[in-house]
Amino acid sequence: EIVWQMSHESQIVPIKATEIEYLYNESVIVKRRFSSCTEDGEERMESVVREIKKYEPADKKSFEHVLILIQTSKAYPLIMSELQSLNDITEGFSPKAEIRWGLGINEDLDDRMFIMLVCSRHHINT
């Protein structure tokens, strides 16, 4: 399901299914979905980053792979300053983690932004 969604919903900056087949062999996969919900003049990317930080896994450094799917509507595309906020999302992951991101269109979003974050690793920490 994750491989399909990542590869089919990242039309602008694609993530190819063949590039993320490793997911089939991972021992631990954490998938979280976020939709912007702005408050008090906050930018949509700020609201998503705030939510991601609130619900990030405690063992963030242990993940070997990080996938980020970003979706916006055509009327409200991703802008450069929002893309720069990807650093805020990937901050705290292991420097050795492989981080990939894709960008897609979802017209149902209107002016909102959707991000799916998938963290995975092959080894189970004991």
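That block above? That's the structure.
Residues numbered from 1 in each chain as written. Predicted model: local features only at pLDDT ≥ 70, side-chain atom pairs only at ≥ 80, totals over all residues. Heavy atoms only, no water.

Undergrad: Which residues make up the nonpolar core, and what are the values?
TA: Ile52, Ile68, Ile70, Ile89, Met113, Ile115 and Leu117 are the most contacted members of the largest nonpolar core, which totals 21 residues. Where this core is concerned, the elements lending two or more residues are strand 1 (28–35), helix 2 (44–54), strand 2 (65–72), helix 4 (86–90) and strand 4 (114–121). A per-element tally of this core places helix 2 first, with four residues. Once residues lying within four places of it in the same chain are set aside, the contact partners of Met113 are Phe34, Ser35, Ser36, Arg44, Met45, Val48, Ile70, Gln71, Thr72, Leu78 and Glu82. (Core = buried A, V, L, I, M, F, W, Y, C linked by side-chain atoms within 4.5 Å. Buried < 20%, exposed > 50% of the residue type's maximum accessible area, 1.4 Å probe, protein only. Helix = DSSP H or I, 4+ residues; strand = E, 2+ residues; numbered from the N terminus. Contact = heavy atoms within 4.5 Å.)

Undergrad: Outline the environment of Ile15, listing residues and values.
TA: As for its position among the elements, Ile15 is in the loop between helix 1 (2–8) and strand 1. Overall, the relative accessible area of 2% leaves Ile15 in the buried class. In this structure, Ile15 is in contact with Met6, Ser7, Ser10, Ile20, Leu67, Ile68, Trp101 and Gly102, ignoring residues within four places of it in sequence.

Undergrad: Before we move on, can you summarise the sheet that holds strand 1 with the specific residues and values?
TA: Either a parallel or an antiparallel arrangement is found when strands of a sheet pair, and the pairing is made through backbone hydrogen bonds. The strand order 1-4-2-3 describes an open sheet built from four strands, whose pairing is mixed. Of all strands in the sheet, those bounded by a partner on one side alone are strand 1 and strand 3 (98–105). In this sheet, adjacent strand axes meet at a mean angle of 15° when their direction is disregarded. (Pairing = 2+ DSSP bridges. Axes fitted to C-alpha atoms, helices over the stretch in contact; angles between N-to-C directions.)

Just geometry here; none of it tells us what the structure is for.
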